[in-house]
Amino acid sequence: MGEKDEKSPDGVKYYRLSEIEEQNSFKSTWIIIHNTVYDVTKFLEEHPGGEEVLREQAGGDATESFEDVGHSTDAREMAKDMIIGELHPEDRDKIAKPELVVYLGDSRSGSGHCHIAVPHLQPRERVTSSNLSL
Ligand code: HEM
């Protein structure tokens, strides 16, 4: 069945983003965290953070919200049981967001801002005032 049955060399199931986006209902709720696909349908009611926050991310990329909460090691272990596969490599760019947007005011133009998006920085490499030299 073509793309739907694609597997990586080590047998991991790949899902296309379009398939994942359809799993956003009570019957089936999938979320993506770090390109891994989780089926959280049965976990919704048990989630200590509530089912609403998971629903909001249903069918899409929840990496940022998941990391913003600072989930415990226990939570990460729990999540492993819900893994059903991975986001297809060709679709990964579609959910990649710039990690940092720098706003530089330009007093000469007077018209406001210069936006520089810096893509593909991993969270642990997030630029802070201590390692950013302007
Ligand atoms: C498979 C995915 C997930 C698992 C297994 C999981 C599990 C947990 C667990 C065990 C806790 C209790 C605190 C801790 O141990 O860190 C928790 C708290 C929380 N989770 Fe998740 N979570 C998941 C995804 C998410 C996502 C995607 C969001 C946001 C959209 C989220 C939002 C929260 C919030 C806000 C709390 C804090 C509740 C509080 O401190 O009162 N979680 N989660």
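Report on the accompanying structure. Quantities reported herein were computed from a predicted structural model and do not represent experimental measurements. (Residues numbered from 1 in each chain as written. Predicted model: local features only at pLDDT ≥ 70, side-chain atom pairs only at ≥ 80, totals over all residues. Heavy atoms only, no water.)

1. Side note on the coordination of the iron atom of the ligand
Okay, so step 1: Taken together, His-47 (NE2) and His-71 (NE2) make up the protein donors of the iron atom of the ligand, found 2.0 Å from the metal.
Okay, so step 2: Coordination at the iron atom of the ligand is octahedral, judged from the 6 donor atoms that bind it and the angles of 87 to 180 degrees they form at the metal. Of this pair, His-47 sits in the loop between strand 3 (36-39) and helix 2 (51-57) while His-71 sits in the loop between helix 3 (63-69) and helix 4 (73-80), and the two are 24 residues apart along the sequence. An identical accessibility class is assigned to His-47 and His-71; each is buried. (Donors = N, O, S within 2.8 Å, 3.2 Å for Na, K, Ca; no water. Tetrahedral: all angles 85-135°; square planar, octahedral: opposite > 155°, others 65-115°. Helix = DSSP H or I, 4+ residues; strand = E, 2+ residues; numbered from the N terminus. Buried < 20%, exposed > 50% of the residue type's maximum accessible area, 1.4 Å probe, protein only.)

2. Describing the sheet that holds strand 3
Okay, so step 1: Pairing within the open sheet is mixed, and its 4 strands lie in the order 1-4-3-2. Lying at the two open borders of the sheet, with one neighbouring strand each, are strand 1 (14-15) and strand 2 (30-33). (Pairing = 2+ DSSP bridges.)

3. Some remarks on the pairing of strand 2
Okay, so step 1: Burial of the side chains of strand 2 extends over both faces: Trp-30 and Ile-32 are buried on one face and Ile-31 and Ile-33 on the other.
Okay, so step 2: Relative to strand 3, strand 2 runs antiparallel, the two being bridged by 4 bridges. Within strand 3, the residue paired with Ile-31 across the bridge is Tyr-38.
Okay, so step 3: Here strand 2 folds back onto strand 3 in antiparallel fashion, the turn holding 2 residues, of which His-34 has a positive phi close to 50 degrees.

4. A few points about the site of the ligand
Okay, so step 1: As a matter of local geometry, the ligand sits amid 19 residues, with His-47, Pro-48, His-71, Ser-72 and Ala-75 nearest to it.
Okay, so step 2: At a separation of 2.8 Å, a nitrogen atom of the ligand approaches a polar side-chain atom of His-71.
Okay, so step 3: If you list the elements that add at least two residues to the shell around the ligand, you get helix 2, helix 3 and helix 4.
Okay, so step 4: In the shell around the ligand, the residues fall into 13 nonpolar, 6 polar and no charged. (Near = heavy atom within 4 Å. Polar contact = N/O pair within 3.5 Å; in protein donor to acceptor, adjacent residues only side chain to side chain. Nonpolar A, V, L, I, M, F, W, Y, C, P; charged D, E, K, R; others polar.)

5. Notes on the pattern of salt bridges
Okay, so step 1: Summed over all chains, the structure comprises 7 salt bridges.
Okay, so step 2: Glu-67 is the salt-bridge partner of Arg-76, the closest N and O atoms lying 2.9 Å from each other.
Okay, so step 3: Arg-76 sits in the partly exposed class, given a relative accessible area of 32%.
Okay, so step 4: One salt bridge connects Glu-77 with Lys-80, and the closest N-O pair in it is separated by 3.0 Å. Note that Glu-77 and Lys-80 are positioned in helix 4 at a spacing of 3 residues, about one turn of the helix.
Okay, so step 5: By relative accessible area, Glu-77 is classed as partly exposed at 43%.
Okay, so step 6: Ionic contacts of the salt-bridge type, sharing partners, join the residues Arg-16, Glu-90, Asp-91 and Lys-94 into one network. (Salt bridge = Lys/Arg side-chain N within 4 Å of Asp/Glu carboxyl O.)

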